[in-house]
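Each chain, written out:
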Amino acid sequence: MQLLDGVLVSAHIKEQIKQEVKEWQAGGGKQPHLAAVLVGNNPASEAYVGSKVKHCEELGFGSTLVRFDATITEAQLIKEVERLNNDDNVDGILVQLPLPGHISGDSVINAINPDKDVDGFHPISQGRMLLGQPSFLPATPYGIMLMLEYYKISTAGMHCVVIGRSNIVGTPMTILMSRNSDPGNATVTMCHSKTKNLKDFTLNADIIIAAIGRPKYVTADMVKPGAIIIDVGINRIDDATKKSGSRLVGDVDFDNVAPLCSYITPVPKGVGLMTICGLMKNTLLAAKLRTGKK
Ligand code: NAD
């Protein structure tokens with residue numbers, strides 16, 4: 001079994017991005033600038049946004065964190081997004097999800113200028129991706145493709161089972177893995193909460209991509225020996241041995257699945273770090289496209 005090491009791969013990609021930013025600016029290019037919008041004070045969202053802003057500093061990007069109280073209305077938030085759309089210094093806009101229940105995430109995402117949609121969630125970005133046109137790819141699936149590419153895992157002809165059908169992970173993952181590309185060119189099965197006998201599918205998978213949101217849901221008896229396992233899940237479970245009283249685990253029962261498979265991503269230090277790489281690559285691309293150079 002080989003670990004697909006998010007620390008190693010993200011460090012490599014971040015170094016490449018840093019270099020590219022330096023070269024871009026040395027040639028007169030504008031410093032890429034990411035605006036992160038955070039509504040309320042959900043601790044997980046605070047941590048995710050904090051990490052994205054920290055990565056901007058590390059890679060030589062500018063960043064703005066725009067915070068709003070959870071009581072902001074949908075109309076006010078859309079106005080704020082439009083303000084960022086019109087701010088020429090801002091290249092990429094990300095709205096940290098989930099938003100409070102009274103705000104439609106779709107309406108807010110739809111308000112983002114597609115040229116600044118560095119999370120790749122806007123319908124225009126998703127449509128372009130579906131059609132195989134150049135687009136901002138959703139950051140997590142993009143990061144997973146970068147990870148497979150780094151390890152030179154050729155997925156052509158493999159059977160890939162994606163568990164989960166969200167717009168941000170599961171669905172785009174099925175599109176990217178079935179594309180005529182490498183990695184890609186897989187035969188893809190999408191499973192979800194209404195799938196009957198999930199194990200019948202996973203046992204026939206050469207690659208399992210789990211994006212479910214249920215701790216240790218994919219167990220050893222569901223995995224074909226030699227399979228590749230990509231664990232997207234981030235779940236917090238109680239752990240009395242930890243000072244905090246809890247720890248993060250994925251959707252895969254890592255301890256029992258790892259000995260069986262050929263490659264596996266750990267949680268933490270796996271896909272999560274790759275997601276940031278996807279976001280930062282999109283932001284740099286947005287800066288380049290907006291200012292007319294590639
Ligand atoms: P989601 O809740 O939107 O989607 C979960 C999907 O799992 C749904 O499509 C549902 O049909 C499917 N599902 C639920 N129960 C199932 C079951 N019993 N069998 C088969 N399928 C089932 O979640 P999401 O936003 O796609 O995120 C999934 C997980 O990935 C979460 O743990 C989330 O925290 C994590 N996540 C991680 C990253 C990262 O960077 N590592 C990024 C995004 C999401």
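Structure first, text after, so check above.
Structure report, in brief. (Residues numbered from 1 in each chain as written. Predicted model: local features only at pLDDT ≥ 70, side-chain atom pairs only at ≥ 80, totals over all residues. Heavy atoms only, no water.)

This part covers the pattern of salt bridges. Taken as a whole and assessed by the stated rule, the structure comprises 11 salt bridges. A salt bridge links Glu58 to Lys14, with the shortest nitrogen-to-oxygen separation between them at 3.6 Å. Highlighted residues: Glu58 in helix H2 (residues 43-59) and Lys14 in helix H1 (residues 6-26), separated in sequence by 44 residues. Across the pair Asp91 and Lys30 runs a salt bridge, and its minimum N-O distance is 2.5 Å. Taken together, the positions of Asp91 in the loop between helix H3 (74-85) and strand E4 (92-95) and Lys30 in the loop between H1 and strand E2 (33-39) put the pair 61 residues apart, joining distant regions of the chain. Judged by relative accessible area, which is 0%, Asp91 ranks as buried. Taken together, the shared-partner salt bridges in this structure form one network comprising Lys30, Asp88, Asp91 and Arg290. (Salt bridge = Lys/Arg side-chain N within 4 Å of Asp/Glu carboxyl O. Helix = DSSP H or I, 4+ residues; strand = E, 2+ residues; numbered from the N terminus. Buried < 20%, exposed > 50% of the residue type's maximum accessible area, 1.4 Å probe, protein only.)

Right, let's talk about the environment of Asp231 for a bit. One can find Asp231 in strand E8 (residues 228-231). Overall, the relative accessible area of 3% leaves Asp231 in the buried class. In sequence terms Asp231 and Leu146 are 85 residues apart; their C-alpha atoms lie 15 Å from each other.

Another point: the nonpolar core. Note on soluble globular proteins: their nonpolar side chains tend to be buried together. Judged by nonpolar contacts, the single largest core of 49 residues is most densely connected at Ile17, Phe61, Ile144, Met177, Ile209, Ile230 and Val232. Per-domain counts for this core show at least three residues from each of domain 1 (28-114) and domain 2 (139-272). Residues contacting Ile209, with those up to four places away along its chain left out, are Ile144, Cys160, Val161, Val162, Ile163, Met173, Met177, Ile230 and Val232. One finds Val81, Leu84, Val95 and Val108 within the second-largest nonpolar core, a separate group that totals 20 residues. (Core = buried A, V, L, I, M, F, W, Y, C linked by side-chain atoms within 4.5 Å. Domains from an automatic or database assignment. Contact = heavy atoms within 4.5 Å.)

In this section: the sheet that holds E8. Pairing is parallel in the open sheet, where six strands are placed in the order E1-E11-E8-E7-E5-E6. Sheet topology places strand E1 (2-3) and strand E6 (187-191) at the edges, where each strand pairs with a single neighbour. For E8 and strand E11 (residues 263-264), the ladder comprises two bridges, and the chain directions are parallel. Counterpart to Ile228 in the pairing with E11 is Tyr263. Sitting on the sheet, helix H7 (residues 170-178) touches strand E5 (159-163), E6 and strand E7 (207-210), and the angle it makes with E6 is about 170 degrees. (Pairing = 2+ DSSP bridges. Axes fitted to C-alpha atoms, helices over the stretch in contact; angles between N-to-C directions.)

Count 3.6 residues to each turn of an α-helix, and residues three or four apart come out pointing the same way. In this model, helix H10 (residues 271-290) (20 residues) spans 28 Å end to end at C-alpha, consistent with the 28 Å of a helix rising 1.5 Å per residue. Positioned one or two residues after H10, Gly292 has a phi angle of 85 degrees, which is positive. (Expected span 1.5 Å × (residues − 1).)

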